[in-house]
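Secondary and tertiary structure notes
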Amino acid sequence: MAVQSVSCSTFANAASITPPTTSKRVGFCYTASPYFIVRRYFAGIALARRAKARSAQIDAQISRQSVSLQRECKILVLGTEGSGKSTIVRQMRLHEPESVSLDERLGMRSAVLAHLLTSALAVLDELERLNLELADSDSRDNADIVRGYVLDAADKDITEVVRAIDAIWHDSVVATRSGQFRLVDNANYFLDAAGRIGAGDYVPTDQDMLKARAPFGTVSKTQLPLGSVSIRLFEVRMQKSSKNKWMQAVDDITSIVFCASLADYDAEALGPTHRALDESLVLFENVVNSRWFQHTSVILALTKLDIFRAKLATVPLEKYAFDYKDGADAGKASKYILRQYMARNHAHLRVYPIIVEATDPAATVCNRTILTAVKDTILQSVLRTSNILP
Ligand SMILES: Nc1nc2c(ncn2[C@@H]2O[C@H](COP(=O)(O)OP(=O)(O)OP(=O)(O)O)[C@@H](O)[C@H]2O)c(=O)[nH]1
Ligand SMILES: [Mg+2]
């Protein structure tokens, strides 16, 4: 431990220094007696021994407490609806060898299909909104198949509906006008992959698992070994209206991962005057300044960097943030949004920010940052209980 080695070596050095035989004082000079030298020498040795013993005591305490804290390491994953909580958790799991079984992968098939179906229905709605007709006459029958399909059982035959979706997506009107459609996140990705998803032996890939919107329970729990630390993740969807009283009910939280979508800057949460970004900022403010979390570290995960980057080109951030002047530069714009969050940290909680494309299977930044934050927090907590830190 850095703290211990500093204190030990300081005292050890003190003991090894031979006391000076002469000392200069202003105005006169004297020679120290042998008795004085020997007394200082032994006092130095005693001091070093005491420091060494104290240091060993702290070492033992730290290792005892680290072990018990690591067993109990709890992380809350918070954020508004659709902010990327499940995606971050899945991304962390996919990086841990063998933490996702084949059964679980196959279990995600219905979530993938639901995402594909929602995307296709959104395409049909957008055609209506823009007063457009499908070009191909068969496409109209296909639209009926899609609208009439009910996804009620995991083993239901999906061949016909997937073929219909694929035909609609490749209709010439859709192909030329889809740039104007307002679709759900990752709709294009799943619509492009319809043929692959419809195959009988389809197994969701890492990318499919990350891009699919999974249904949300009330609070979902995940156990995960992360490096040398074993953690339990609790995903909680926050709502401004519900006052989030659950905060008082949770204890022993090591870290919080607060997810916020960068791409929400233009989204309305509860009506035209209520922006999703503002709601997320208020919830973040409540969390970081809450007395329940005063010894908790916070990882602020700003997600959907890829969607944000694409959106900035057509929906200027300046329209929603009057003091922002840096145009469609995703780096500057994401840092601007990050500053909005950091400005809410009045309690000066330790915040570790990450700006991430959470659906990128190659991104390891989440795991690395979360692991660092967890370890730092365990250390801080041990130092506090050892009375080394206030
Ligand atoms: N392209 C892209 N999609 C993302 C990113 N982060 C999340 N998503 C997608 O956004 C959608 C919602 O993400 P979830 O992780 O389900 O959001 P959530 O916060 O768990 O939502 P609820 O549980 O419903 O509150 C999913 O389809 C994700 O794949 C990202 O960085 N890039
Ligand atoms: Mg979720």
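For the structure, check the block above.
Now for a look at the structure at hand.

Reading the values: the criteria
- Each chain has its residues counted from 1, running along the sequence as written.
- The naming scheme follows written order: chains are lettered A onward, ligands numbered 1 onward.
- pLDDT decides what is reported in this predicted model: residues at 70 or higher carry local features, side-chain atom pairs at 80 or more are listed and counted, and totals for whole chains, interfaces and linings draw on all residues regardless.
- The side-chain figures draw on all heavy atoms in the structure; neither hydrogens nor water molecules are used.
- Only DSSP runs of H or I with at least four residues qualify as helices, and only runs of E with at least two residues qualify as strands; both kinds are numbered from the N terminus onward.
- Exposure categories follow from relative accessible area, calculated using a 1.4 Å probe and restricted to protein chains: below 20% of the type maximum is buried, above 50% is exposed, and the middle band is partly exposed.
- Whether two residues are in contact is decided by their heavy atoms: any pair within 4.5 Å suffices.
- Accessibility throughout is a Shrake-Rupley quantity obtained with a 1.4 Å probe, and a residue counts as covered only by protein chains that appear here.
- For Na, K and Ca the donor cut-off is 3.2 Å, and for all other metals it is 2.8 Å, counting N, O and S atoms only; because water is absent from this set, sites may look incomplete.
- One speaks of a salt bridge when a side-chain nitrogen belonging to Lys or Arg is within 4 Å of a carboxyl oxygen belonging to Asp or Glu.

**Some words on the overall build of the chain**
Tallying secondary structure elements over the chain gives 15 helices and ten strands in all. Among the 390 residues that make up the chain, the fraction classed as buried is 42%. Residue pairs in contact within the chain that sit at least 24 positions apart in sequence constitute 74% of those at least 6 positions apart. Roughly 21000 Å² of accessible area belongs to the chain as shown, and the carbon and sulfur atoms make up 54% of that amount.

**A short note on unusual backbone geometry**
Unusually for a residue other than glycine, Asn 186 sits at a positive phi of about 65°. Mapping Asn 186 onto the fold places it in the loop between α8 (172-177) and α9 (187-192). Take Asn 186: its relative accessible area is 18%, and that puts it in the buried class. Of note in this structure, His 348 is not a glycine but carries a positive phi near 50°. With respect to the helices, strands and loops of the structure, His 348 is situated in the loop between α14 (330-342) and β10 (351-355). Judged by its relative accessible area of 69%, His 348 falls in the exposed class.

**As for the coordination of the magnesium ion (ligand 2)**
Coordination of the magnesium ion (ligand 2) by the protein comes from Ser 86 (OG) and Glu 235 (OE), over a distance range of 2.0 to 2.2 Å. With Ser 86 in helix α3 (residues 85-94) and Glu 235 in strand β5 (residues 229-237), this residue pair connects regions lying 149 residues apart in the sequence.

**Some thoughts on the pattern of salt bridges**
Two side chains carrying opposite charge are able to pair once their charged atoms lie near each other. Applying the stated criterion across every chain yields a total of ten salt bridges. For the salt bridge of Asp 206 with Arg 105, the shortest nitrogen-to-oxygen distance reads 2.8 Å. Here Asp 206, found in helix α11 (residues 206-211), pairs with Arg 105, found in helix α4 (residues 102-107); they are 101 residues apart in sequence, far enough to count as distant. The class of Arg 105 is buried, set by a relative accessible area of 18%.

The analysis is restricted to geometry; functional conclusions fall outside its scope.
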